[in-house]
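# Reading the structure
Read off the chains here:
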Amino acid sequence: MPIAISRLLTSAISRCELTHLARAPIDVERAQREHAEYERALVQAGCTLVRVGSDDTMPDAVFIEDTAVVLDEIAVITRPGAASRRAEIDGVAVVLASYRTLAAIESPGTLDGGDVLRIGKRILVGLSPRSNDDGVAQLRAIVAGFGYTVEGVPFTGCLHLKSAATLVAPSLALVNPAWVDAAALGDVGTIAVDPLEPHAANALLIGDVVIYPAECAATARRLEEAGIRLLLVPAGELAKAEGGVTCCSLILDAG
Ligand code: CIR
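Source: prediction; values computed, not measured.

## A closer look at the overall build of the chain
Within the chain, the secondary structure is distributed over six helices and 15 strands. Considering only C-alpha atoms, the chain reaches an extent of 40 × 40 × 35 Å along its principal axes. Looking at the chain residue by residue over its 255 residues, the buried ones come to 55%. Within the chain, contacts between residues separated by at least 24 positions form 68% of all contacts whose residues are at least 6 apart in sequence.

## Considerations on the site of the ligand
Around the ligand sit 14 residues in total, of which Glu-17, Asp-60, Glu-65, Asp-66 and Ala-241 are the nearest. One of the side-chain N or O atoms of Glu-65 is found 2.8 Å from a nitrogen atom in the ligand. Here an oxygen atom of the ligand sits 2.8 Å away from a polar atom, N or O, in the side chain of Arg-130. Coverage of the ligand by the protein chains reaches 98% of its 340 Å² of free accessible surface. At a threshold of 2 Å from the grid points, most atoms of the ligand map onto the second largest pocket. Class assignment of the residues belonging to the shell around the ligand gives a composition of four nonpolar, three polar and seven charged.

## A short note on the environment of Ser-128
Among the structural elements, Ser-128 can be located in the loop between strand S7 (122-127) and helix H3 (133-143). We classify Ser-128 as buried; its relative accessible area is 11%. Leave out the neighbours within four places in its chain, and Ser-128 touches Asp-115, Phe-155 and Leu-159. Reaching out from Ser-128, the side chain makes a polar contact with the side chain of Asp-115 at a distance of 2.6 Å.

## Observations concerning the pairing of strand S9 (residues 165-169)
Counted residue by residue, S9 has five buried out of five residues, so it is predominantly covered. Relative to strand S10 (residues 172-175), S9 is paired through four bridges, and the arrangement is antiparallel. Residue pairing for S10: Leu-167 is matched across the bridge by Ala-173. In this antiparallel pair of consecutive strands, S9 and S10, the connection spans two residues.

## Some thoughts on empty space enclosed by the protein
Under the defined criterion, the tally for this structure stands at two cavities of 30 Å³ or more. In this model, the largest cavity occupies a volume close to 60 Å³. Partitioned by chemical class, the residues of the lining of the largest cavity number seven nonpolar, two polar and one charged. Of the volumes computed, that of the second largest cavity is approximately 30 Å³. Each residue belonging to the lining of the second largest cavity can be placed in one class, and the counts come to eight nonpolar, two polar and one charged.

## Topic: the pairing of strand S1 (residues 2-7)
Taken across its six residues, S1 has six buried, putting it largely inside the fold. In S1, alternate side chains face the same way, and those of Pro-2, Ala-4 and Ser-6 on one face and Ile-3, Ile-5 and Arg-7 on the other are all buried. Here S1 pairs with strand S15 (residues 250-253) via four bridges, running antiparallel. Opposite Ile-5, over in S15, you have Leu-250 as the bridge partner. Where S1 meets strand S2 (residues 48-52), five bridges bridge the pair, whose relative direction is parallel. Residue pairing in the sheet places Ile-3 in a bridge with Thr-48 of S2. A crossover connection joins S1 to the parallel S2 through helix H1 (residues 28-44); in handedness this β-α-β unit is right-handed.

## Notes on the nonpolar core
Counting residues in hydrophobic clusters, the biggest one holds 25 residues, and the most contacted among them are Ile-13, Tyr-38, Leu-42, Phe-63 and Ile-211. Breaking this core down by element, the ones donating at least two residues are H1, strand S12 (204-206), strand S13 (209-213) and strand S14 (229-233). Counting residues per element, this core draws most heavily on H1, which supplies five residues. Contact partners of Phe-63, with chain neighbours within four places excluded, come to Ile-13, Arg-85, Leu-238, Ala-241, Gly-243, Cys-247 and Cys-248.

## Side note on the sheet that holds strand S3 (residues 68-70)
In a beta sheet, neighbouring strands pair by backbone hydrogen bonds and run either parallel or antiparallel. Pairing within the open sheet is mixed, and its three strands lie in the order S3-S4-S5. The strands lining the two open edges of the sheet, one partner per strand, are S3 and strand S5 (102-104). The sheet shows a mean angle of 20° between the axes of neighbouring strands, taken without regard to direction. In terms of strand pairing, S3 meets strand S4 (residues 75-77) through three bridges, oriented antiparallel. Across the sheet, Val-70 pairs through a bridge with Ala-75, a residue of S4. Against the sheet, helix H2 (residues 89-96) makes contact with S3, S4 and S5, and its axis sits at roughly 165° relative to S4, the strand it touches most.

The rules behind these values
Residues numbered from 1 in each chain as written. Predicted model: local features only at pLDDT ≥ 70, side-chain atom pairs only at ≥ 80, totals over all residues. Heavy atoms only, no water. Helix = DSSP H or I, 4+ residues; strand = E, 2+ residues; numbered from the N terminus. Buried < 20%, exposed > 50% of the residue type's maximum accessible area, 1.4 Å probe, protein only. Contact = heavy atoms within 4.5 Å. Near = heavy atom within 4 Å. Polar contact = N/O pair within 3.5 Å; in protein donor to acceptor, adjacent residues only side chain to side chain. Areas by Shrake-Rupley, 256 points an atom, 1.4 Å probe, with all protein chains shown as cover. 1 Å grid on protein atoms, 1.4 Å probe; cavity = no way out; pocket = protein on both sides within 12 Å on 5 of 7 lines; lining within 4 Å. Sits in = over half its atoms within 2 Å of the grid points. Nonpolar A, V, L, I, M, F, W, Y, C, P; charged D, E, K, R; others polar. Pairing = 2+ DSSP bridges. Points joined across faces, edges and corners; volume = space filled by probe spheres on them. Right-handed = clockwise from strand over helix to strand, strands pointing away. Core = buried A, V, L, I, M, F, W, Y, C linked by side-chain atoms within 4.5 Å. Axes fitted to C-alpha atoms, helices over the stretch in contact; angles between N-to-C directions.

Note that all results are geometric; they support no functional claim without further evidence.
Okay, structure coming up:
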């Protein structure tokens, strides 16, 4: 049974980092309701929920995906590219230590988990302002012994690689072709987002079900037509903080 590690959001989210979006007021209670529905969907997808503590000194802590890269063999604690987010890693490391041997990205490397897309034994890392070459090289050195390759992938238009491409089945990716060249993903099938929904490429695959934002209705139809089983969740408030459905959890096999 998979474990989903999440972190509650606080009113501090109104001070979140923003890169591509202008700041818009976030309705904190509504964002908390969205997050509660998201956690329910994680449980419905078969996960056991484990929470890391939160406080109002960490505005972006709810976006826990960025703090670690969890593989079956090891968990790599990242060094988030935004300095304001570096305090998030300690609490995550304490919890992950119960499930995995830990490694860590060290300065001057930076890496955000949102840039890390694993396709089997290939790990693609978006080359973004958050994840630098040194971070990519450190990740490569840490995971090489477990048989993983690590490649840097250029993309534009969004914060993290997984805003531009995610898996919706083991060999099927959902992509925004305006932001990333689907050829960089290699030998997988692709479904393109509806062009009117540029932010629709972020989907969370757990087993054979995909947690997906209800706001991306046209792309959701494309996925359902392709036979993908969706669990729709409201995600509009968290989107104002540049968060999507992958970034609010770390999913790992309990082993
Ligand atoms: C940030 O800029 O770091 C947060 N406001 C959003 C992080 C979203 N993370 C993700 O998509 N993996």
